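# An overview of the molecular structure
Listed below, chain by chain, are the residues.
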Amino acid sequence: MSLLRAVALIVRRSLRQHLVSTSITVLTTALAAGLVLSVFSIHAQTYAAFAGGAGGFDAVLGARGNQLQLVLNAVFHLEASAGNIPWSAYEEVAADPRVKLAIPYSMGDSVQGQRIVGTTTAMFEPRDGARLELQPGGRVFDPHRGEAVVGSYAAAATGLTVGSTFHPAHGVVEHGAESHAEEYVVTGVLAPTNTPIDRVVWIPIEGVFRMGGHVLRGAGEDFEAHPHEPIPDAHKEVSAVMLQFHSPMAGFSLEQEINREATEATLAFPVGRVIAELFDALGWASRVLELVAYLVVLISTGAILAALYNTINERRREIAILRSLGASRRFVFSVVIAESSVIALAGAVLGVGVHAVILSVTAEVIRVRTGVVLDVFAFHSAYVWMPVGMVFLGALAGVAPAARAYATDVANHLRPHA
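Rules used in this analysis
Residues numbered from 1 in each chain as written. Predicted model: local features only at pLDDT ≥ 70, side-chain atom pairs only at ≥ 80, totals over all residues. Heavy atoms only, no water. Core = buried A, V, L, I, M, F, W, Y, C linked by side-chain atoms within 4.5 Å. Buried < 20%, exposed > 50% of the residue type's maximum accessible area, 1.4 Å probe, protein only. Helix = DSSP H or I, 4+ residues; strand = E, 2+ residues; numbered from the N terminus. Contact = heavy atoms within 4.5 Å. Phe/Tyr/Trp six-rings, centres within 6.5 Å; stacked < 30°, edge-to-face > 60°. Arc of directions from axis to C-beta. Pairing = 2+ DSSP bridges. Axes fitted to C-alpha atoms, helices over the stretch in contact; angles between N-to-C directions. Parallel < 35°, antiparallel > 145°, perpendicular 65-115°, else oblique. Left-handed = near helix turned anticlockwise from the far one by under 90°. Nonpolar A, V, L, I, M, F, W, Y, C, P; charged D, E, K, R; others polar.

### Observations concerning the nonpolar core
Counting 37 residues, the largest nonpolar core has V60, V71, F76, Y105, M123, F124 and W202 as its most contacted members. Where this core is concerned, the elements lending two or more residues are α2 (19–51), α3 (67–74), β3 (99–111), β11 (240–245), α8 (271–281) and α11 (329–370). Residues within four places of M123 in sequence aside, it is in contact with F57, I103, Y105, L132, I197 and W202. With 26 residues, the next largest nonpolar core counts A63, A89, L254 and L267 among its residues.

Below is the structure:
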């Protein structure tokens, strides 16, 4: 115990004597550790959040085309819609015994850059995997009136509250878009779900069909709705249909039928697989970031080595005095290794703070762009192996300086200076 106390005392004194170089080295190590943590943590969290961000839905039915574009548009409200499918396609899939729930979406308008989605009140009913709750004082819109329910983030971004009114704008732009004449009143604001649902303004799908300037082509010809006149189902069309199945096998069988036999629709199933394919395709970018992180770690290891190696010359006389007082070569070697390990450990601890800053900024950008929320405090295995790895590399970096201290000639460095 006394030996350990002596090592700790000498290490503390040495670090204090070389405070500037030690601080710079610790900061460099902290940046490296924070970068490593961020690369692995952000990748793991974004993968989990996007792969599981379907809001309780198993699949998306939409126009014939790319499944990824369909999922990004209908689930994450990104990208442009690939087109519409006739109302009959929605009715057919909703009546399929394999389908547990089918909710139509109609998209294309916005409010101050926040997307508007026309849907039915079934969207707000409890379902497996998701439950949308309204903030106190709100209610779900009446499907036959000009009313809206606003996601929590959309409400914060637009300033809309219960009782507020707005005019939908054509397209998805923040400013300068032509507004429709129709006015909607907000009847409810959703409680935060930490999913893309928070970024949406929800209105009755009938309102989208009757919006001025909207042309329906469900029957293959242009049709424009007139006030107080019913819209034949043959003319209606939807952008997507969100689906839940009774079982995974039901989803696989329907996916085979639609994607291999149908000519007008695509079924993206399961949603998580489609997103996983995107991450797999972008895997090279993640690997490049990992290589950069490892390179920075090597640079920080080199910084520890250089900082200690340069101080050994200044400490030769101090080391010689220690040796003359009975300290063994092994003790001197251990002191330098301990010093480099402490620097690495301090950098690793500060690196957690650096990681928190990087992740907080990244999480805010992702939340604003997609509505997906990352957990800054979510555990990742890197929190365990990163400090251990940094201390190991720090100790390794101290070997060369320790060897130099080990080889210090006592008689030569105790000789009085001329």
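### Observations regarding the packing of aromatic side chains
Evaluated as defined, the whole model comprises 11 aromatic pairs. Judged by centre distance (5.5 Å) and plane angle (90°), the ring pair of F124 and F141 falls under edge-to-face. Pair noted here: F124 is in the loop between β4 (114–119) and β5 (147–150) and F141 is in the loop between β4 and β5, with a separation of 17 residues, a long-range link. Neither residue differs from the other here; F124 and F141 are each classed as buried.

### Here we look at the environment of T301
On the secondary structure map, T301 appears in helix α9 (residues 283–314). Between the alpha carbons of T301 and G398 there is a distance of 9.2 Å; along the sequence they are 97 residues apart. Setting aside its immediate chain neighbours within four residues, T301 contacts L393 and A397.

### Things to note about helix α4 (residues 87–95)
Buried within α4 are the following residues: W87, A89, Y90 and V93. The arc enclosing the buried residues of α4, seen along the axis, measures out at 160°, which places them on a common side. Exposed and oriented more than 90 degrees from the buried face of α4 are E92 and A95.

### Thoughts on the pairing of β3
Most of β3 sits out of view: 10 of its 13 residues are buried. The pairing of β3 with β11 spans six bridges and is antiparallel. Among the inter-strand pairings, V99 is bridged to a residue of β11, identified as F245. As judged from the five bridges shared by β3 and β4, these two strands associate in the antiparallel manner. The residue of β4 that forms the bridge with M107 is V117. Remark: two residues form the turn of the hairpin made by β3 and β4, two consecutive strands paired antiparallel; Q112 in that turn has positive phi of roughly 50°.

### A word on the packing of α3 against α8
Their axes nearest at 10 Å, the elements α3 and α8 cross at an angle of 110°. When the axis of α3 is compared with that of α8, the two are roughly perpendicular. With respect to the hand of their crossing, α3 and α8 are arranged in left-handed fashion. Contacts between α3 and α8 involve Q67, L68, V71 and L72 from the former and V271, R273, V274, I275 and L278 from the latter. The residue makeup of the contact of α3 with α8, split by class, is seven nonpolar, one polar and one charged.

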